[in-house]
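Listed here are the chains, written in short residue letters.
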Amino acid sequence: MTDNIPLQPVRQKKRMDSKHRSGCCECLRCCGRRDPRPRTVWLGHPEKRDQRYPRNVINNQKYNFFTFLPGVLFNQFKYFFNLYFLLLACSQFVVEMRLGALYTYWVPLGFVLAVTVIREAAEEIRCYMRDKEVNSQIYSKLTARGTVKVKSSNIQVGDLIIVEKDLLQIRSYVYAEEPNIDIHNFVGTFRREDSDPPVNESLSIENTLWASTVIASGTVVGVVLYTGRELRSVMNTSNPRSKIGLFDLEVNCLTKILFGALVVVSLVMVALQHFAGRWYLQIIRFLLLFSNIIPISLRVNLDMGKIVYSWVIRRDSKIPGTVVRSSTIPEQLGRISYLLTDKTGTLTQNEMVFKRLHLGTVAYGLDSMDEVQSHIFSIYTQQSQDPPAVKGLTLATKVRKTMSSRVHEAVKAIALCHNVTPVYESNGVTDQAEAERHYEDSCRVYQASSPDEVALVQWTESVGLTLVGRDQSSVQLRTPGGHILNFTILQIFPFTYESKRMGIIVRDESTGEITFYMKGADVVMAGIVQYNDWLEEECGNMAREGLRVLVVAKKSLTEEQYQDFEARYVQAKLSVHDRSLKVATVIESLEMEMELLCLTGVEDQLQTDVRPTLETLRNAGIKVWMLTGDKLETATCTAKNAHLVTRTQDIHIFRLVTNRGEAHLELNAFRRKHDCALVISGDSLEVCLKYYEYEFMELACQCPAVVCCRCAPTQKAQIVRLLQERTGKLTCAVGDGGNDVSMIQEADCGVGVEGKEGKQASLAADFSITQFKHLGRLLMVHGRNSYKRSAALSQFVIHRSLCISTMQAVFSSVFYFASVPLYQGFLIIGYSTIYTMFPVFSLVLDKDVKSEVAMLYPELYKDLLKGRPLSYKTFLIWVLISIYQGSIIMYGALLLFESEFVHIVAISFTSLILTELLMVALTIQTWHWLMIVAELLSLSCYIASLVFLHEFIDVYFIATLSFLWKVTVITLVSCLPLYVLKYLRRRFSPPSYSKLTS
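Residues numbered from 1 in each chain as written. Predicted model: local features only at pLDDT ≥ 70, side-chain atom pairs only at ≥ 80, totals over all residues. Heavy atoms only, no water.

An unreviewed UniProt entry annotates the protein chain as Phospholipid-transporting ATPase of Aquila chrysaetos chrysaetos. Recorded in UniProt for the protein chain, the comment headed Sequence similarities (unreviewed entry) runs: "Belongs to the cation transport ATPase (P-type) (TC 3.A.3) family. Type IV subfamily." As recorded by UniProt, the Catalytic activity (unreviewed entry) comment attached to the protein chain reads in full: "ATP + H2O + phospholipidSide 1 = ADP + phosphate + phospholipidSide 2." (UniProt positions renumbered as here; feature names shortened; annotations may be inferred.)

Asker: Hey, could you go over the sheet that holds strand E15 (residues 466–470) for me, with residue numbers and the actual values?
Answerer: Spatially, nine strands are ordered E12-E11-E21-E20-E19-E18-E17-E16-E15 in an open sheet, and the strand pairing comes out antiparallel. At either end of the open sheet lies a strand with only one pairing partner, and these are strand E12 (363–364) and E15. Across the sheet, helix H11 (residues 403–416) is in contact with strand E11 (348–358), E12, E15, strand E16 (474–478), strand E17 (484–493), strand E18 (501–508), strand E19 (514–520), strand E20 (548–557) and strand E21 (595–606); its angle to E21 comes to roughly 55°. Against the sheet, helix H15 (residues 535–544) makes contact with E11, E20 and E21, and its axis sits at roughly 10° relative to E21, the strand it touches most. (Pairing = 2+ DSSP bridges. Helix = DSSP H or I, 4+ residues; strand = E, 2+ residues; numbered from the N terminus. Contact = heavy atoms within 4.5 Å. Axes fitted to C-alpha atoms, helices over the stretch in contact; angles between N-to-C directions.)

Asker: So what about helix H3 (residues 80–91)? Which residues, and what values?
Answerer: Residues three or four positions apart in an α-helix share a direction because the helix packs 3.6 residues into each turn. The terminal C-alpha atoms of H3 lie 16 Å apart, and with twelve residues this matches the ideal 16 Å at 1.5 Å per residue to within 8%. Every buried residue of H3 is accounted for by Phe 81, Asn 82, Tyr 84, Phe 85, Leu 88, Ala 89 and Ser 91. Elements in contact with the buried residues of H3: helix H2 (68–77), helix H4 (103–135), helix H6 (246–272), helix H7 (279–289) and helix H8 (297–315). (Expected span 1.5 Å × (residues − 1). Buried < 20%, exposed > 50% of the residue type's maximum accessible area, 1.4 Å probe, protein only.)

Asker: Can you lay out the packing of H6 against H8 for me, pointing to particular residues and giving the numbers?
Answerer: Two elements in contact, H6 and H8, have axes whose closest approach is 12 Å; the angle formed by their N-to-C orientations is 165°. One finds that H6 runs roughly antiparallel with respect to H8. Considering the relative orientation of H6 and H8, their crossing is right-handed. Along its contact with H6, which presents Phe 247, Asp 248, Val 251 and Thr 255, the element H8 presents Leu 298, Arg 299, Leu 302 and Lys 306. Class assignment of the residues belonging to the contact of H6 with H8 gives a composition of four nonpolar, one polar and three charged. (Parallel < 35°, antiparallel > 145°, perpendicular 65-115°, else oblique. Left-handed = near helix turned anticlockwise from the far one by under 90°. Nonpolar A, V, L, I, M, F, W, Y, C, P; charged D, E, K, R; others polar.)

Asker: Could you give an account of helix H33 (residues 929–945), naming the residues involved and the relevant values?
Answerer: Here H33 contains 17 residues, and its C-alpha end-to-end distance of 24 Å stays within 8% of the 24 Å for a straight helix at 1.5 Å per residue. Those residues of H33 that sit buried are Met 931, Ala 934, Glu 935, Ser 938, Tyr 942 and Ser 945. Along H33, the residues classed as buried sweep out an arc of 120° about the axis, all on the same side. Facing away from the buried side of H33 by more than 90 degrees, the exposed set consists of Trp 929, Leu 936 and Ile 943. (Arc of directions from axis to C-beta.)

Asker: Summarise unusual backbone geometry; cite the residues concerned and give the values.
Answerer: Even without being a glycine, Phe 275 presents a positive backbone phi close to 50°. Among the structural elements, Phe 275 can be located in the loop between H6 and H7. Positive phi, normally seen in glycine, also occurs at Asp 675, with a value near 45°. Positionally, Asp 675 belongs in the loop between helix H20 (660–671) and strand E24 (676–681).

Asker: Residues and numbers for the pattern of salt bridges, please.
Answerer: One pass over the structure, following the stated rule, counts 27 salt bridges. Ionic pairing is found between Glu 250 and Arg 335, a salt bridge with its closest N-O pair at 2.9 Å. Note that Glu 250 is positioned in helix H6 and Arg 335 in the loop between strand E9 (323–324) and strand E10 (336–341), a separation of 85 residues in sequence. Looking at Glu 250, the relative accessible area reads 22%, which means it is partly exposed. Note that Asp 609 is salt-bridged to Lys 773, the shortest N-O span being 3.8 Å. With a gap of 164 residues between them, Asp 609 in the loop between E21 and helix H18 (610–619) and Lys 773 in the loop between strand E28 (767–769) and helix H26 (774–814) connect regions that are remote in the sequence. What you see here is one network of salt bridges that share partners, running through Arg 119, Glu 120, Asp 248, Arg 299, Asp 303, Lys 306 and Glu 331. (Salt bridge = Lys/Arg side-chain N within 4 Å of Asp/Glu carboxyl O.)

Below is the structure:
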């Protein structure tokens, strides 16, 4: 009847709930958010609004036209690393502080900023185009002048939107509750004033359509109640933000340490001058002189490396369709400790398969369904042979039911008690109208909000009782003989999390009998059905097999009983206050002493290779938490079926708690369990986090697996945030629907799966994949490689800068602590760019093991969780190597130089270049042909440029034999000991991966 969020364009063909995520609308950025209020919405008259509503626009961008450049620059200079170089470059405008040409400082900084701005602009443009595509989608709006086309961004509250597969003079309005984040409930009323008498109808969540809903057949008219930031999907998501990787924070920390070393070295130099003269100015000059200790090229090398990693991920043929939407955090993929995943559509296909029918004394599995079919056939064959007057009598007066009649009653109950609608489509031979009129089997498709409902109806069709028609007031079933059974729907009670059951009251048109059918979870149905001695035991047996168990029951009603119930039920539904409680009370008066018919068991089909993927993640040291909005029973079954919980692990189902005392008792009970997976509902979780946040998270983090069911989107994000705060570990969130967006955006690394629920999650994620199984390779191969490569690259860039800084320190010390640069002009810029940039950057192609080995031995991933590739220990080792090599090169050049100063420059600079090239070769573990090209290209560039460096280097001297042997000796002394140490380490203390590559 109503539509609480905008609808999908009419051109869509397949039904899906793809709940497009909207970011903050424009007015939210300009003004404050007002308190939400209830509203009265006149159908088809958006101008009759009693308050101002937000525009229905989608905005996933981090910046707008005016905030882009200031925002990007702020995000760059808020880090110490870039702010330092900005201050350094600005200081060169002061004559007393200038050490060289301005371009030696401003060109590198400008290049770094240009790369960052271009990258951010490209991502913003892609985001803008995606938003524009969604905001420009065409909808059909119903007006007094007929149907008109309207863009999504122009939809207003009160508009009547037509939803169809590929009407208007009315005085009606809808009263709707204020916008809120509760996606499971809705309270409203519909009133039509131009009818006699006026029509009043209550509205619940069953009368609403989600954003972007597309129906499979027919036409629906919906009135828009909420738009823009007041959409419940939007209120359950957070604003887009720029994620900063842990690796980048660690590098930023190292640069602070280097800055501290820079200050210490500068003070030492001035102290050795006994603070003579204008010593404070000398300190500043030394700070500028040793500024290479902090490499300006580090940031741009890492950023370019991220671009390469993203390109490699997109080009991987083994994970086709993978998209990198955030190129700033690929290293995060290599250090994930907690994986939080959605269930439906992510781990499962959201397609149920009927597995078991249990009648208490007999059970039917997949291999014995032909027996059920024969029972149904025999019942309706017998009925077709009996006169109609006798038929009802013979079935109703049997004291002891035969097995055939018991099976028939169970199957009929399953075929009637649901919310499934059969729809008919043209198959190329029969058109839609003819198919619907003749109930063509080949043209029929079942449509429902729950896949297990579809599975049950498909099963009844397979055994002979087919659902062929349904509308709001009637149901039609077809018997094996082709006879149509007509039933009138008197009432339907939808499933809710609180009730854990659904029911329907129908009248058989052939006999006039009124029957109340109900199905639900065993925990609630056990107290509703008549006493029996097999329900609890068999439900447990089926649940242990990983089946979703439903208990089916019925109760016959007289006409008087039903009329009395209807009067009380209608009165309760019209209540505005405490409606849910009043309605539940009336329904419960009917739910007594119901006849137990059967148990049904269905199984949710898993996505391809979910089990081996989860096994890989477990072996890699990653703990998996499943956060789902589904029911507890369904979530538990899926956890078992997917082997999220192994066969050797116990499961502790955290009982429902509503207050502090109950939470305390249940936490104590849970504390006594060991190596036990936890299953907890969203309501209980909320109570625990309110009173015992620290204690609960401490216990939950010790569990091998956690399942949170009936989680609201905000709860999913809260769990991610608490894991980050309490453990300090990196989290990865995986989901495929709009209700996963908050979790995906809150996690350190968000992965969206493109599935049946649309692209909302994938568009909001940092990485988008097409199947859950691709996650294993994304983490084990690309995440691991990205982290190890960036660690090696960053340490090598730091080493490169520390080497030349050490040489400068030695040079200044020898020449009476003068603040005179050793290398000037192009030599400084060329050293970090064309002479060494290509070989150093080629480390982004290095790898220690083949991708097949990384997938086969996920334990290799576990080593990265300790952060060893980039740690204080490895940083200190590279600092010592840099000091050693810088000292050897400088002292060697001073020792071996001849009469002129330019010879020192020639010998030391050439040795420095060769040392860097050899160190790259020493670091590489797997050679790539581009690495060889980079080494040769850099060496060729240096040799070729010597002709143009006569201002700094004696060209005639470098052609002599004396120059060659001196450079060779210095280079060997600086590098050879490191090669020896590397060999000894691999020989006596090999890394874990070396055993797999030997």
